[in-house]
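Topology and contacts: notes
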Amino acid sequence: MRIVIAEDDPLLREGLALLLRAESLDVVSTTDTPESFLAAVAEHEPDVAIVDVRMPPTHTNEGIVAAVEARRRRPGLAVLVLSAYVEQAFATELLAAGADRLGYLLKERVGRVEEFLSALHRVAGGGTAVDPEVVGQLLARNPHTSALDRLSPRERDVLALMAEGLGNAAIAERLFITEGGVHKHIRSIFAKLDLAPDDRADRRVTAVLRYLKGTGPK
């Protein structure tokens, strides 16, 4: 796995590089600006980019903009975005073009090495990884949204775990239910969100996107 890191905090940038190299992962470049990040992606053609949301010069959304541009230039690039705190608008902006090979984690998650590496590998493998704290805060900000009013509390629990990127077996283990029960809840979620069985789009991803957009502030 070839990785480019874009992070303007030198301690976190080098700490990430050391952590990943200790796991025998190939960190091909570390950068601290959006411009140098895009240049590194073009030069090294990485499999995964780890990108800070806030980068120079204004420290607002430069990292998100650069990540979206990197995926436009290199289709299939996996991106794991790191943020100091929950920024719902930036999360949904990144996910708007499709949720495959995308992750959104709080920086504090890096210290939980096993969870961080699991999210990184999930994203690199084509999946989605949204920090559980992000999911929880988005839901807490607006617990009653019209798009999701039809879901039962248990279905919302299942959808939240889908947003984290968990598969059916992991969801079953987390909620202490059977995989068959998870499958039943997911079928009900698809029906209530009007995601037809013959939709060609990835209904799981579509449901997650609706969840993330629906739980944001109005």
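Looking at an unreviewed UniProt entry, the chain carries the name LuxR family two component transcriptional regulator, with the source organism given as Saccharothrix saharensis.

Here the focus is the layout of surface pockets. Left-over empty space is what a probe sized like a water molecule reveals as it rolls over the atoms. When its volume is computed, the largest pocket comes out at roughly 220 Å³. Looking at the largest pocket, the residues that line it are Leu105, Arg109, Glu115, Ser118, Ala119, Arg122, Ala129, Val130, Pro132, Glu164, Leu166 and Arg174. No other element matches helix H5 (residues 113-124), which puts four residues into the lining of the largest pocket. Its residues placed into classes, the lining of the largest pocket shows six nonpolar, one polar and five charged. When we break the lining of the largest pocket down by domain, the ones giving at least three residues each are domain 1 (2-131) and domain 2 (142-214).

Applying the stated criterion across every chain yields a total of nine salt bridges. The partner of arginine 72 in a salt bridge is glutamate 69, and the shortest N-O contact between them spans 2.6 Å. Of this pair, arginine 72 and glutamate 69 are both found in helix H3 (residues 62-73), three residues apart, which corresponds to roughly one turn of the helix. Given a relative accessible area of 58%, arginine 72 falls into the exposed group. Between lysine 192 and glutamate 155 there is a salt bridge; the shortest N-O distance is 2.9 Å. You can see lysine 192 sitting in helix H9 (residues 179-192) and its partner glutamate 155 sitting in helix H7 (residues 153-164), a full 37 residues away along the chain. If you follow the salt bridges from partner to partner, you end up with Glu7, Asp52 and Lys107 in one network.

Next up on the list: the side chain of arginine 71. Here arginine 71 is to be found in helix H3. There is a polar contact of 2.8 Å between the side chain of arginine 71 and the backbone oxygen of leucine 77.

The rules behind these values
Residues numbered from 1 in each chain as written. Predicted model: local features only at pLDDT ≥ 70, side-chain atom pairs only at ≥ 80, totals over all residues. Heavy atoms only, no water. 1 Å grid on protein atoms, 1.4 Å probe; cavity = no way out; pocket = protein on both sides within 12 Å on 5 of 7 lines; lining within 4 Å. Points joined across faces, edges and corners; volume = space filled by probe spheres on them. Helix = DSSP H or I, 4+ residues; strand = E, 2+ residues; numbered from the N terminus. Nonpolar A, V, L, I, M, F, W, Y, C, P; charged D, E, K, R; others polar. Domains from an automatic or database assignment. Salt bridge = Lys/Arg side-chain N within 4 Å of Asp/Glu carboxyl O. Buried < 20%, exposed > 50% of the residue type's maximum accessible area, 1.4 Å probe, protein only. Polar contact = N/O pair within 3.5 Å; in protein donor to acceptor, adjacent residues only side chain to side chain.

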